[in-house]
Amino acid sequence: MSPKQEKPPIEVVELDSSDDEDAGVSVVGKRKPDMPHGGTSLSKSPVIESPNAIVPSNYRPLESRSFWKAGNFEVGRIKSTAMHGELEHARVHPKFLHSNATSHKWAFGAIAELLDNAVDEISSGATCVKVDRIYNPRDNSPALLFQDDGGGMDPERLRKCMSLGYSSKTSNSTIGQYGNGFKTSTMRLGADVIVFSRSSQSGRATQSIGLLSYTFLRRTGQDDVIVPMIDFDISDHWAEPILCGSQDDWSTNLKTILEWSPFATKMDLMQQFEDIKSHGTKIIVYNLWLNDEGIYELNFDDDDEDIMLRDEANCGNTSKTNKRALEQQSHISYRLRYSLRAYTSILYLKKFTNFSIILRGKPVEQFNILEELKHSKVITYRPQLAGTSKEILVETTLGFVKDAPSPVCGFNIYHKNRLIRPFWKVTADGSSKGNGVVGVLEANFIEPAHDKQDFERSSLFFKLETRLKQMVMDYWKGHCHLIGLKPLEPHLQNLLREQVDNAQIQSPTIDRQPVTGLAAHPRPDFRSVQSEKVGRTNSNRELPAVQPITGNATGSVKNDTQIASSSCMSIDQICEENIQLFRRIRWVYPFRLDC
């Protein structure tokens, strides 16, 4: 930022450093700066063991780079901090930063928390949030960037952001509410995070820098969470340091930031504000965690316009994936597990008008699955709030996905416009009832868990689950014929169930023999089956020739049973090898029985 011509900027501290990014800055070891004067400590009780001790510059990351192993270290003895006349108080050990972050089992859930903070800034004028991969200038390792053009944070608000349990969000419409999301999300993605923020409040323009570094806390042997922060007043269009305490306190915080952040000089730090303009926030998460194989958890290389979750993308991939499985894996219900672009496309229920999420340089196109449903129906639900007689109205939209019948099913449940549970399957496993049925609702009457990936298990939640099950069953019963599926009569279901049981009992060498009976009989086109023609067969539709076997599985039920059972599946779906059919018999036959 250009200084005023008539008044040159004042340098508060001279640093023993150079422009060489490998050159470090000495920092006072074991000295805990007085955090009310520029930084923050969750204990706010500084301890000075060896004021003259010097810790050499050492920017190496932690030895354990896997997130799930980073908390495996011994906690030393807690040093006494109570002064004369003061009460003892609980301390927050750095290990708590890691254990607190384990609430995020899924890395994308952590990213969603940071996106929520940017979306909450829409009320402050935010128009976009950028998510991208950048490189740490210290070691050229990948880092994760989040940047929005919202109202930014003044010094007081930044300190609340860096502390545990404080939240400045009081509106009922904001997603954040617990005052913990920033800490859990950033520490879940990487060992360290640095924040740059500009704000203008009450005619005063400020810019602040804060560092939350698990690496710094571990390597310097801290037994309390120390968060160095520095602030500048930029009201006069040049950066003047804000000194809440002494100059030494401000200088110590700056030295610590330069030692342990990706930026080795004060000039490098100040350059980070150039693209923030007059207001906004930039968050850089670095020293990203690795998976158990020693590879970065986040994959930036396979798609230049996406960020992939490496372990989820590789889960279940085989070279012999059949056509049906490939179709399922191409659906957004599967892709959201490993593609950040897919996940963020359905993360918010209502489409933004003047706001966009820009992922790696390309805006995310919001996806509303309601626009993809067939035969949709709106069902109202009136839950009664706990402890009151007040009822609220909740509208749920149900419909079939485009490719129904399909194994894709479940409810996308939102809370305050934010997706909490995607494609939640409420029907019993193994049953085909409800396959292809997708529902969407916004459940603001129940509270989400802290990681916002599930709901608290309250009585209202269980009542909602029961109601959703009933919705699926009622919708399926009244609409499955619209996609070519006709419910079987009870007496036909019993005949088929008996045939399947007999075939399993009397065919011990199933794996070596082909199958007859229901699997080998000619199957009609289900669209041609009418209720008055259940007793007919269609000899024009036949499977490839098979060799018969003996036993009760061969032709024990004719005509009505064959037609009714086969009418629930298309020809493309049943043309599989006989051995595979028998191996999957507990899936195939229940599908036909329950439909």
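Up top you'll find the structure we're talking about.
Residues numbered from 1 in each chain as written. Predicted model: local features only at pLDDT ≥ 70, side-chain atom pairs only at ≥ 80, totals over all residues. Heavy atoms only, no water.

**Student:** Would you mind going over the packing of aromatic side chains with me for this structure?
**Tutor:** The geometry of an aromatic ring pair is captured by the separation of the ring centres together with the interplanar angle, meaning the angle of the planes. Across all of its chains, the model carries 16 aromatic pairs by this definition. Geometrically, the ring pair formed by W106 and Y343 is edge-to-face, given 4.8 Å between the ring centres and 70° between the ring planes. Note that W106 is positioned in the loop between α1 (95-101) and α2 (107-120) and Y343 in helix α11 (residues 340-345), a separation of 237 residues in sequence. Of the two residues, W106 and Y343, neither departs from the other in class, the shared state being buried. When the ring of F461 is compared with that of F462, the centres are 5.6 Å apart and the planes differ by 75°; the resulting orientation is edge-to-face. (Phe/Tyr/Trp six-rings, centres within 6.5 Å; stacked < 30°, edge-to-face > 60°. Helix = DSSP H or I, 4+ residues; strand = E, 2+ residues; numbered from the N terminus. Buried < 20%, exposed > 50% of the residue type's maximum accessible area, 1.4 Å probe, protein only.)

**Student:** Would you mind showing me how to read the pattern of salt bridges here?
**Tutor:** In a structure, side chains of opposite charge can pair up when their charged atoms sit close to one another. If you walk through the whole model with that rule in mind, you get 16 salt bridges. Residue E113 is joined to K452 by a salt bridge in which the shortest nitrogen-to-oxygen separation is 3.5 Å. Residue E113 is found in helix α2, and its partner K452 is found in the loop between β20 (437-442) and α12 (459-479); the two are separated by 339 residues along the sequence. No difference in accessibility class separates E113 from K452, as the two residues are buried. Here E442 and K350 are joined by a salt bridge, their closest N and O atoms 3.3 Å apart. With a gap of 92 residues between them, E442 in strand β20 and K350 in the loop between α11 and β14 (356-359) connect regions that are remote in the sequence. (Salt bridge = Lys/Arg side-chain N within 4 Å of Asp/Glu carboxyl O.)

**Student:** Sorry if this is basic, but what is going on with the side chain of D192 here?
**Tutor:** One can find D192 in strand β6 (residues 190-201). A polar atom in the side chain of D192 sits 3.2 Å from the backbone nitrogen of Y214. With sequence-adjacent residues up to four places away left out, D192 is seen in contact with M187, L212, S213, Y214, T215, F216, I284, V285, Y286 and N287. (Polar contact = N/O pair within 3.5 Å; in protein donor to acceptor, adjacent residues only side chain to side chain. Contact = heavy atoms within 4.5 Å.)

**Student:** In this structure, what is going on with the sheet that holds strand β15 (residues 362-363)? I would like to understand it.
**Tutor:** In sheet architecture, strand pairing relies on hydrogen bonds along the backbone and comes in two forms, parallel and antiparallel. Pairing within the open sheet is mixed, and its nine strands lie in the order β10-β9-β7-β6-β11-β5-β4-β14-β15. Lying at the two open borders of the sheet, with one neighbouring strand each, are β10 (240-241) and β15. Bridging between strand β9 (residues 229-233) and β10 involves two bridges; their strand directions are antiparallel. Residue F232 lies in a different strand from β10, and its bridge partner there is P241. Sitting on the sheet, α2 is in contact with β4 (128-135), β5 (142-148), β11 (280-288) and β14, with an inclination near 25° to β5. (Pairing = 2+ DSSP bridges. Axes fitted to C-alpha atoms, helices over the stretch in contact; angles between N-to-C directions.)

**Student:** Even after reading the chapter, I still don't get helix α6 (residues 247-260), so can you show me in this structure?
**Tutor:** An α-helix turns once every 3.6 residues. As a result, residues three or four positions apart point the same way. Relative to the 20 Å expected for 14 residues at 1.5 Å per residue, α6 spans 20 Å between its end C-alpha atoms, a close match to the ideal helical length. For α6, the buried fraction is high: 11 of the 14 residues fall into the buried class. When α6 is considered as a whole, its buried residues turn out to be D249, W250, S251, T252, N253, L254, T256, I257, L258, E259 and W260. (Expected span 1.5 Å × (residues − 1).)

**Student:** Where do I start with the nonpolar core in this structure?
**Tutor:** One recurring pattern in soluble globular proteins: nonpolar side chains tend to sit buried together. If you look at the biggest cluster of nonpolar residues, it comprises 124 residues, and the most contacted ones within it are L144 and I194. Of the residues forming this core, the biggest block, nine residues, is contributed by α2. Beyond its immediate sequence surroundings of up to four residues, I194 is in contact with I209, G210, L211, I257, S261, P262, F263, L269, K282, I283, I284 and Y286. (Core = buried A, V, L, I, M, F, W, Y, C linked by side-chain atoms within 4.5 Å.)

**Student:** I would appreciate a short explanation of the environment of I379 in the present structure.
**Tutor:** Structurally, the position occupied by I379 is in strand β16 (residues 374-381). For I379, a relative accessible area of 15% puts it in the buried group. In this structure the C-alpha to C-alpha distance between I379 and G439, which are 60 residues apart in sequence, comes to 10.0 Å.

**Student:** Help me out: how do you make sense of the sheet that holds β16 in this one?
**Tutor:** Across the sheet, five strands lie side by side as β16-β17-β20-β18-β19; this open sheet has mixed pairing. Either end of the sheet is taken by a strand with one partner, and the two such strands are β16 and β19 (418-424). Taken pair by pair, the neighbouring strands of this sheet meet at an average axis angle of 15°, ignoring direction. Relative to β16, α12 is tilted by about 145°, and along the sheet it contacts β16, β17 (394-400), β18 (410-415), β19 and β20.

**Student:** Sorry if this is basic, but what is going on with the pairing of strand β7 (residues 204-213) here?
**Tutor:** Looking down a regular strand, the side chains alternate between one sheet face and the other. Taking burial as the measure, the 10 residues of β7 include nine buried ones, the bulk of the element. The pairing of β6 with β7 spans 10 bridges and is classified as antiparallel. Of the residues in β7, the one forming a bridge with Q201 is R204. The turn joining β6 and β7, which pair antiparallel and follow one another in sequence, is formed by two residues; a positive phi near 55° is taken by S202. With five bridges connecting them, β7 and β9 associate as antiparallel partners.

**Student:** Quick question: what am I supposed to make of unusual backbone geometry here?
**Tutor:** Note on backbone geometry: most residues besides glycine have negative phi, and most peptide bonds are trans. In the Ramachandran plot, N140 falls in the positive-phi region, its phi being about 65° despite a non-glycine side chain. On the secondary structure map, N140 appears in the loop between β4 and β5. Even without being a glycine, F423 presents a positive backbone phi close to 50°. Residue position: F423 is located in strand β19.

**Student:** Honestly, α12 in this entry has me stumped. Any pointers?
**Tutor:** Along its 21 residues, α12 runs 30 Å from first to last C-alpha, staying within 8% of the 30 Å computed at 1.5 Å per residue. Among all positions of α12, only L460, F461, L464, L468, M471, V472, Y475, W476 and H479 are buried. The buried residues of α12 occupy one face: seen down the axis, they fall within an arc of 135°. The exposed residues of α12 that point more than 90 degrees off its buried face are K463, T466 and K477. (Arc of directions from axis to C-beta.)

**Student:** Sorry, what's going on with the environment of Q329 here?
**Tutor:** In this structure, Q329 sits in helix α9 (residues 323-329). Considered as a pair, Q329 and V408 are 79 residues apart in the sequence and their alpha carbons are 9.8 Å apart.

**Student:** Is there a simple way to think about the environment of K433 in this case?
**Tutor:** Position of K433 relative to the elements: it lies in the loop between β19 and β20. Considering only alpha carbons, one finds K433 and P407, 26 residues apart in sequence, at a separation of 9.9 Å.

**Student:** Before we go on, may I ask you to explain the packing of α2 against helix α4 (residues 181-189) in this structure?
**Tutor:** Pairs of packed helices are described in terms of their axes, by the angle between the two and the distance that separates them. At their nearest, the axes of α2 and α4 sit 8 Å apart, and the two run at 140° to each other. Of the possible angle classes, the one that applies to α2 and α4 is oblique. By crossing handedness, the relation of α2 to α4 is classed as left-handed. In this structure, α2 contributes A107, A110, I111, E113, L114 and N117 to the contact, and α4 contributes G181, F182, S185, T186, R188 and L189. Looking at the contact of α2 with α4, its residues break down into six nonpolar, four polar and two charged. (Parallel < 35°, antiparallel > 145°, perpendicular 65-115°, else oblique. Left-handed = near helix turned anticlockwise from the far one by under 90°. Nonpolar A, V, L, I, M, F, W, Y, C, P; charged D, E, K, R; others polar.)

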